[in-house]
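Listed below, chain by chain, are the residues.
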Amino acid sequence: QKEVEQDPGPLSVPEGAIVSLNCTYSNSAFQYFMWYRQYSRKGPELLMYTYSSGNKEDGRFTAQVDKSSKYISLFIRDSQPSDSATYLCAMSEGNTGKLIFGQGTTLQVKP
Amino acid sequence: DAGVTQSPTHLIKTRGQQVTLRCSPKSGHDTVSWYQQALGQGPQFIFQYYEEEERQRGNFPDRFSGHQFPNYSSELNVNALLLGDSALYLCASSLVASGRETQYFGPGTRLLVL
């Protein structure tokens with residue numbers, strides 16, 4: 001069993017839809033949770049960073065962490081074609097910098 | 001403000017050869033981490049350098065080694081290349097004072113081993 005599981009998709013939605021991306025994990029020691037966006041043939045770009053449980057909002061993006069269920073989510077409101085990319089969840093145990101990534105979910109937003 | 005830069009962008013090698021990849025961290029950052037990303041997979045942690053020393057290491061063989069220079073730039077060396085080493089190699093930088101988890105990635109070096 002992988003430490004971090006992420007549905008690879010692909011996920012295709014119409015422009016303006018609400019998108020939900022999810023990851024589950026098995027290591028209860030994870031405390032830091034990140035979401036990255038990766039465009040084709042580019043490096044990952046940090047979108048959201050959350051410590052411990054709770055919600056965090058940044059513009060059209062909302063990150064949720066439920067440590068009791070070992071489940072994290074990223075919601076994208078009013079999705080745009082420019083949001084079409086691969087979304088990677090990542091997590092780490094402490095201030096180590098050793099990030100464990102999910103497989104990535106490929107999202108396509110159709111105009 | 002320059003972000004993380006990596007060189008070269010692409011590289012083709014044959015089995016058994018050795019390769020060196022280079023990374024310059026984001027301005028002001030002092031920690032460099034290296035990741036390997038196979039096609040269709042998430043990045044896998046190789047190792048991390050801080051104060052010119054390897055601080056953390058992932059599950060990679062000794063064929064993978066690195067170095068950090070006094071100006072915080074870093075190199076990743078891979079010896080005795082295997083076909084399975086073909087991947088995108090990503091460098092990420094962070095600042096200890098801000099938390100090592102906040103990592104900024106470069107564009108990567110795409111390595112093809114024939």
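These numbers come from a predicted model, not from an experiment.

Another point: the sheet that holds strand β7 (residues 64-68) of chain B. Residues and elements named next belong to chain B. Strand order in the open sheet formed by four strands is β1-β3-β8-β7, with antiparallel pairing between adjacent strands. Pairing within the sheet leaves two strands with one partner each, and these edge strands are β1 (5-7) and β7. Going across the sheet, the axis of each strand differs from the next one's by a mean of 20 degrees, ignoring polarity.

This next bit is on the pattern of salt bridges. Residue and element names in this part refer to chain B. Overall, the coordinates contain seven salt bridges over all chains when judged by the stated rule. As a salt-bridge pair, R55 and E51 come within 3.1 Å of each other at their nearest N and O atoms. A relative accessible area of 38% places R55 in the partly exposed class. Of the charged contacts, one joins R57 and E54 as a salt bridge, the two residues approaching to 3.0 Å between their closest N and O atoms. Judged by relative accessible area, R57 falls into the partly exposed class, the value being 25%. Judged by relative accessible area, E54 falls into the partly exposed class, the value being 35%.

Reading guide: rules and limits
Sequence order as written defines the numbering, with residues in each chain counted from 1. Each chain gets a letter, beginning with A, and each ligand a number, beginning with 1, in the order they are written. A pLDDT threshold of at least 70 governs which residues receive local features in this predicted model, and a stricter bar of 80 or more applies before side-chain atom pairs are shown or counted, although totals over entire chains, interfaces and linings include all residues. No hydrogens and no water enter the side-chain calculation; it runs on all heavy atoms of the structure. When DSSP finds at least two bridges between two strands, those strands are taken to pair. Secondary structure elements follow DSSP: runs of H or I no shorter than four residues count as helices, runs of E no shorter than two count as strands, and numbering proceeds from the N terminus. Between N-to-C directions, angles span 0 to 180 degrees; the directions come from axes that are lines fitted to C-alpha atoms, helices contributing only their stretch in contact. A carboxyl oxygen of Asp or Glu within 4 Å of a side-chain nitrogen of Lys or Arg is what we treat as a salt bridge. Relative accessible area decides the class of each residue, using a 1.4 Å probe on protein chains only: under 20% of the type maximum gives buried, over 50% gives exposed, and in between gives partly exposed.

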